[in-house]
Amino acid sequence: METITIKDVTIGEGIPKIIVPLMGTTEEELLKEVETVNALEPDIIEWRVDVYEHVENLEAVSEMILKLRGALPSTLLLFTFRSHKEGGNKEITDEYYFQLLHTAIRTKNIDLVDVELFFEESAVKETVKIAEENGVYVIMCNHDFDKTPEKEEIIYRLRKMQEFGAHIPKIAVMPQSVGDVLVLLDATHTMKTKYADRPFITMSMAGTGLVSRLSGAVFGSACTFGAGKEASAPGQIPVTQLRSVLEIIDQNI
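Residues numbered from 1 in each chain as written. Predicted model: local features only at pLDDT ≥ 70, side-chain atom pairs only at ≥ 80, totals over all residues. Heavy atoms only, no water.

Visitor: Break down the sheet that holds strand β3 (residues 17–22) for me, citing the residues and quoting the values.
Guide: Spatially, β9-β8-β7-β6-β5-β4-β3-β10 is the arrangement adopted by the eight strands of the open sheet, whose pairing is parallel. Looking at which strands have only one partner, the edges of the open sheet turn out to be β9 (201–204) and β10 (223–225). Within the sheet, the average angular offset between the axes of one strand and its neighbour, ignoring direction, is 25°. Relative to β9, strand β8 (residues 168–173) runs parallel, the two being bridged by four bridges. Within the sheet, the bridge partner assigned to A172 lies in β9 and is M203. Across the sheet, helix α3 (residues 94–107) touches β5 (76–80) and β6 (112–116), and the angle it forms with β6 is around 165°. (Pairing = 2+ DSSP bridges. Helix = DSSP H or I, 4+ residues; strand = E, 2+ residues; numbered from the N terminus. Axes fitted to C-alpha atoms, helices over the stretch in contact; angles between N-to-C directions. Contact = heavy atoms within 4.5 Å.)

Structure (structure tokens):
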């Protein structure tokens, strides 16, 4: 499996890279939050734009990206609009979803963009192409907040993301039992050892799935999400605690 290096961060080797979300709804909240989160020294900061009050204004979004970039000259910035169907905070049209992503990409002030798998195939592939033309890396993703699919389905979705050109495939699932967490971890290990030709991210959500956020170095997930000022999904733990556990695990494997 090849690694990916963006600026000075190499994804796919060593300790799983830590991603921390920005969840502020206003410009003032975001600029305060970004100072707090950046002080935690995450590898990647994710702007969850679906909670931003001006998300339906492309010019305002572009201006906010510029301000965040100014506050984060060296930290990697991931732009994410989480759709309502996959747990996000706002419903928009499919057309506007892609307009939003393309606008963010073309600012060239983000390092990575989140693209959800389950949209029209041609639109997803076009977005990957636009991202590559502008030097932006794609995290392609799928979130299931209701259940954990079968192992074969998890692997199928991750492989489909590879096929569509994702630089980093990602899947997050909801466990209904401890057995579901084992399914996710087994799928992660099989993906890493048999199919992955690039870094990928997996996680089992909520408290039951917490172990999956900590065990990437063992099973194969290249990144994990930690909470900064506010969590963006069930089961995230504060980044300082997360880093300590990841380092302990790394020292003992």
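Visitor: How would you sum up the packing of aromatic side chains? Please name residues and give values.
Guide: Scanning the entire structure with this criterion turns up six aromatic pairs. Judged by centre distance (5.3 Å) and plane angle (65°), the rings of W47 and Y52 are edge-to-face. For W47, a relative accessible area of 1% puts it in the buried group. Look at Y97 and F98: their rings are 5.0 Å apart centre to centre, the planes differ by 85°, and that puts the pair in the edge-to-face class. The buried category is assigned to Y97, whose relative accessible area is 1%. A residue is classified by how much of its surface remains accessible, and F98, at 9% relative accessible area, is buried. Each member of the aromatic cluster is reached from another via a ring pair, and the members are F81, Y97, F98 and F119. (Phe/Tyr/Trp six-rings, centres within 6.5 Å; stacked < 30°, edge-to-face > 60°. Buried < 20%, exposed > 50% of the residue type's maximum accessible area, 1.4 Å probe, protein only.)

Visitor: Can you explain the nonpolar core? Please cite residues and give values.
Guide: Ranked by size, the top nonpolar core spans 60 residues in total, and within it W47, V49, F79, I110, V113 and M140 carry the most contacts. The dominant element in this core, judged by the number of residues it contributes, is α3, at seven residues. Ignoring any residue separated from it by four or fewer positions in sequence, one finds F79 in contact with W47, V49, V61, I65, L100, L101, A104, I110, L112, V113 and D114. The next biggest cluster of nonpolar side chains, apart from the first, holds 20 residues, and it includes I4, I11, I168 and I201. (Core = buried A, V, L, I, M, F, W, Y, C linked by side-chain atoms within 4.5 Å.)

Visitor: For helix α6 (residues 178–195), give the residues involved together with the corresponding values.
Guide: If you check α6, its first and last C-alpha atoms are 25 Å apart, about what 18 residues at 1.5 Å a residue would give, namely 26 Å. For α6, every residue scored as buried is listed here: D180, V181, L184, L185, A187, T188, T190 and M191. (Expected span 1.5 Å × (residues − 1).)

Visitor: Can you lay out the pattern of salt bridges for me, pointing to particular residues and giving the numbers?
Guide: Under the defined criterion, the tally for this structure stands at 15 salt bridges. With a closest N to O distance of 2.5 Å, E133 and K129 form a salt bridge. Of the two residues, E133 and K129 are both situated in helix α4 (residues 121–133); the distance of four residues between them amounts to about one turn of the helix. A single network of salt bridges, built from pairs that share partners, joins K7, R69 and D111. (Salt bridge = Lys/Arg side-chain N within 4 Å of Asp/Glu carboxyl O.)

Visitor: With reference to specific residues and values, describe α4.
Guide: Spacing of three or four residues puts side chains on the same side of an α-helix, whose turn is 3.6 residues. Here α4 contains 13 residues, and its C-alpha end-to-end distance of 19 Å stays within 8% of the 18 Å for a straight helix at 1.5 Å per residue. Following α4 by one or two positions, G135 adopts a phi angle in the positive range, close to 70°.

Visitor: Run through the environment of N109, naming residues and quoting values.
Guide: Structurally, N109 can be placed in the loop between α3 and β6. Sequence spacing of N109 and G135 is 26 residues, and the spatial spacing of their C-alpha atoms is 9.8 Å. In contact with N109, other than residues within four places in its own chain, are I65, L66, R69 and L77.

Visitor: Help me get a handle on the packing of helix α5 (residues 151–163) against α6, residues and values and all.
Guide: At a minimum axis distance of 9 Å, the contact between α5 and α6 shows a crossing angle of 45°. Between α5 and α6, the crossing angle belongs to the class labelled oblique. For the element pair α5 and α6, the recorded crossing hand is right-handed. Seen from α5, the contacting residues are K151, I154, I155, L158, R159 and Q162; seen from α6, they are V183, L184, D186, A187, T190, M191 and Y195. Tallied by class, the residues present in the contact of α5 with α6 amount to eight nonpolar, two polar and three charged. (Parallel < 35°, antiparallel > 145°, perpendicular 65-115°, else oblique. Left-handed = near helix turned anticlockwise from the far one by under 90°. Nonpolar A, V, L, I, M, F, W, Y, C, P; charged D, E, K, R; others polar.)

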